[in-house]
Number of protein chains: 2
Amino acid sequence: MTKLTPLLQQLIEALRILPGVGPKSAQRMAFQLLERNRGGGVRLGAALTAAMAGIGQCQQCRTFAEAPLCAICSDPKRQQADVLCIVGSAADQLAIEQTGQFQGRYFVLMGYLSPLDGIGPTELGLEQLSELLAKGQINEVILATNPTVEGEATAFYIAELCQQYGCSVTRLAQGLPVGGELEYIDGTTLAHAFSGRKRF
Amino acid sequence: MTKLTPLLQQLIEALRILPGVGPKSAQRMAFQLLERNRGGGVRLGAALTAAMAGIGQCQQCRTFAEAPLCAICSDPKRQQADVLCIVGSAADQLAIEQTGQFQGRYFVLMGYLSPLDGIGPTELGLEQLSELLAKGQINEVILATNPTVEGEATAFYIAELCQQYGCSVTRLAQGLPVGGELEYIDGTTLAHAFSGRKRF
Ligand SMILES: [Zn+2]
Ligand SMILES: [Zn+2]
């Protein structure tokens with residue numbers, strides 16, 4: 001092994017797309033799978049292939065789904081809810097669901113406004129959000145975006161949109177650590193932030 | 001998304017086989033691939049599948065190879081070498097090759113003796129090593145095993161084997177940090193350890 005074999009080189013290169021994985025740890029992962037867990041490597045390869053092909057986005061709320069509508073959007077109880085919670089990512093949505101405090105509907109932006117990265121209203125599905133609000137079923141929109149610069153800017157943009165449709169707009173209570181990421185906040189804090197939400 | 005979708009759950013589960021990846025970071029990896037880098041996820045899936053199927057072990061030295069013999073064992077210059085370096089893993093072999101100090105042959109154990117884990121002489125290919133030594137082409141065996149308890153125990157076992165075949169046995173010079181792992185040592189230290197190797 002003067003150099004790595006081609007397939008090994010490709011594997012190490014490909015592992016580096018994972019967040020937090022540098023060249024040395026990619027090499028370590030590749031060697032460890034090949035030496036000790038080839039079955040696991042095969043399963044991971046298949047799981048990635050299946051997930052990338054089979055997981056799409058819900059036509060209504062944009063969260064990850066394997067059918068046209070996600071489980072929440074297909075739930076008759078929640079379809080009647082008049083509260084819509086807007087989050088930046090599916091991970092944030094999952095964190096909120098796990099508090100068990102919210103029974104309404106969601107809209108998942110899958111990002112925040114970032115003109116420099118080419119992420120505008122279209123990329124976040126805001127036309128789709130407008131159509132939803134235009135139906136008049138939503139009375140309250142809860143802005144549960146990250147308490148970061150991008151999250152706040154996106155929240156302001158969406159708040160204006162909501163006011164055009166006469167929805168009341170609230171945001172999660174202060175108490176979220178400034179600059180933090182919603183996905184990593186513990187359930188209790190998040191539940192409190194929910195119940196203490198205030199008018200935007 | 002009351003719960004994760006089945007494919008997403010499978011993906012997060014499968015990512016946890018990677019060393020150093022816990023439940024939270026597996027979830028983060030899965031979401032990030034799906035949100036921002038599906039192309040990368042597809043490539044990683046394909047690279048894993050191809051590597052697990054296409055990378056075998058060299059029939060002669062046991063290192064990773066995509067052909068019956070690896071590049072070093074197929075090299076006519078190195079085939080004539082009478083020095084054999086025994087390492088614990090392909091990563092250790094790669095670290096030694098990268099020093100450029102060694103022109104001989106290798107034997108890659110792919111592990112260390114560990115009776116409790118069911119790893120004995122057969123699992124490390126020591127019958128194969130005996131056959132190689134029996135041919136009488138090897139004059140010196142360099143034991144480049146990790147300076148750990150398992151590495152030392154394995155080195156002692158192999159040293160006895162070599163003496164049966166009248167090979168001289170050396171080990172890498174002290175200077176390797178005790179309890180450390182060979183794969184993570186810088187090239188200069190490793191090169192010094194090589195040139196200062198002493199009789200076992
Ligand atoms: Zn949905
Ligand atoms: Zn070989």
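Below is a summary of the structure that appears in this document. (Residues numbered from 1 in each chain as written. Chains lettered and ligands numbered in written order. Predicted model: local features only at pLDDT ≥ 70, side-chain atom pairs only at ≥ 80, totals over all residues. Heavy atoms only, no water.)

## What to know about the overall build of chain A
When you go through chain A residue by residue, the secondary structure sums to 8 helices and 7 strands. Summarising its shape, the C-alpha atoms of chain A cover approximately 70 × 35 × 35 Å along the three principal directions. Buried residues in chain A amount to 54% of all 200 residues. The contacts of chain A with a sequence gap of at least 6 include a subset with a gap of at least 24, amounting to 56%. By element, 51% of the accessible surface of chain A is carried by carbon and sulfur atoms, the whole surface being about 9,200 Å². In chain A, which carries 16 positive and 18 negative side-chain charges, the distance between the mean positions of the two groups comes to 8 Å. (Helix = DSSP H or I, 4+ residues; strand = E, 2+ residues; numbered from the N terminus. Buried < 20%, exposed > 50% of the residue type's maximum accessible area, 1.4 Å probe, protein only. Contact = heavy atoms within 4.5 Å. Areas by Shrake-Rupley, 256 points an atom, 1.4 Å probe, with all protein chains shown as cover. Lys, Arg positive; Asp, Glu negative; His and termini not counted. Charge placed at Lys NZ, Arg CZ, Asp CG, Glu CD.)

## Some remarks on the interface of chain A and chain B
Of the residues lining the interface, 58 residues belong to chain A; the matching set on chain B comes to 58 residues. For the chain A and chain B pair, buried surface summed over both sides reaches about 5,300 Å², with 72% attributable to carbon and sulfur atoms. At the junction of chain A with chain B, the criterion picks out 0 salt bridges. Here chain A is connected to chain B by 12 residue pairs in polar contact (both at pLDDT 80 or more). Contributing elements (two or more residues each) for the side of chain A that touches chain B: α1 (6–15), α2 (23–36), α3 (38–54), β2 (64–65) and α5 (90–99) of chain A. For the side of chain A that touches chain B, the element with the highest residue contribution is α3 of chain A, accounting for 15 residues. Its residues assigned to classes, the side of chain A that touches chain B shows 35 nonpolar, 15 polar and 8 charged. (Buried area = accessible area lost by both parts, 1.4 Å probe. Salt bridge = Lys/Arg side-chain N within 4 Å of Asp/Glu carboxyl O. Polar contact = N/O pair within 3.5 Å; in protein donor to acceptor, adjacent residues only side chain to side chain. Nonpolar A, V, L, I, M, F, W, Y, C, P; charged D, E, K, R; others polar.)

## What to know about the pairing of strand β4 (residues 105–108) of chain B
All names here are of chain B. Side chains Arg105 and Phe107 of β4 all project onto a buried face; the interleaved residues Tyr106 and Val108 project onto the opposite face, where all are buried too. The pairing of strand β3 (residues 83–87) with β4 spans 4 bridges and is parallel. Residue pairing in the sheet places cysteine 85 in a bridge with tyrosine 106 of β4. The handedness of the β3 to β4 crossover, carried by helix α5 (residues 90–99), is right-handed. (Pairing = 2+ DSSP bridges. Right-handed = clockwise from strand over helix to strand, strands pointing away.)

## Regarding unusual backbone geometry
Residue and element names in this part refer to chain B. The backbone phi angle of arginine 62 is positive, close to 75°, even though this residue is not glycine. Tracing the chain through its elements places arginine 62 in the loop between β1 (56–57) and β2 (64–65). Positive phi outside glycine occurs at methionine 110, with the angle close to 60°. Of the residues examined, methionine 110 reaches a relative accessible area of 16% and is grouped as buried.

## Structural notes on the sheet that holds strand β5 (residues 140–143) of chain B
All names here are of chain B. Spatial ordering of the open sheet is given by β4-β3-β5-β6-β7, a layout of 5 strands whose pairing is mixed. Of all the strands in the sheet, just β4 and β7 (198–199) have a single pairing partner and so form its edges. Where β5 and strand β6 (residues 168–171) come together, 4 bridges link them in parallel fashion. Across the sheet, the residue bridging to valine 141 is valine 169, located in β6.

## Some points on the environment of glycine 118 of chain B
Along the chain, the position of glycine 118 of chain B falls in the loop between β4 and α6 (126–134). Each C-alpha atom of the pair glycine 118 of chain B and phenylalanine 31 of chain B lies 38 Å from the other, and the pair is 87 residues apart in sequence.

## Quick look at the coordination of the zinc ion (ligand 2)
In an ideal octahedron of six donors the angles at the metal are 90 or 180 degrees, and in an ideal tetrahedron of four donors they are 109.5 degrees. Residues and elements named next belong to chain B. Bound to the zinc ion (ligand 2) on the protein side are Cys58 (SG), Cys61 (SG), Cys70 (SG) and Cys73 (SG), at distances that span 2.3 Å. Of note is the zinc ion (ligand 2), whose 4 donor atoms meet at the metal with angles of 106 to 118° in an arrangement that counts as tetrahedral. In the primary sequence, the donor residues of the zinc ion (ligand 2) line up as C-x2-C-x8-C-x2-C. Of this pair, cysteine 58 sits in the loop between β1 and β2 while cysteine 73 sits in the loop between β2 and α4 (76–79); the two residues are 15 residues apart in sequence, bridging distant segments of the chain. Cysteine 58 sits in the buried class, given a relative accessible area of 2%. We classify cysteine 73 as buried; its relative accessible area is 6%. (Donors = N, O, S within 2.8 Å, 3.2 Å for Na, K, Ca; no water. Tetrahedral: all angles 85-135°; square planar, octahedral: opposite > 155°, others 65-115°.)

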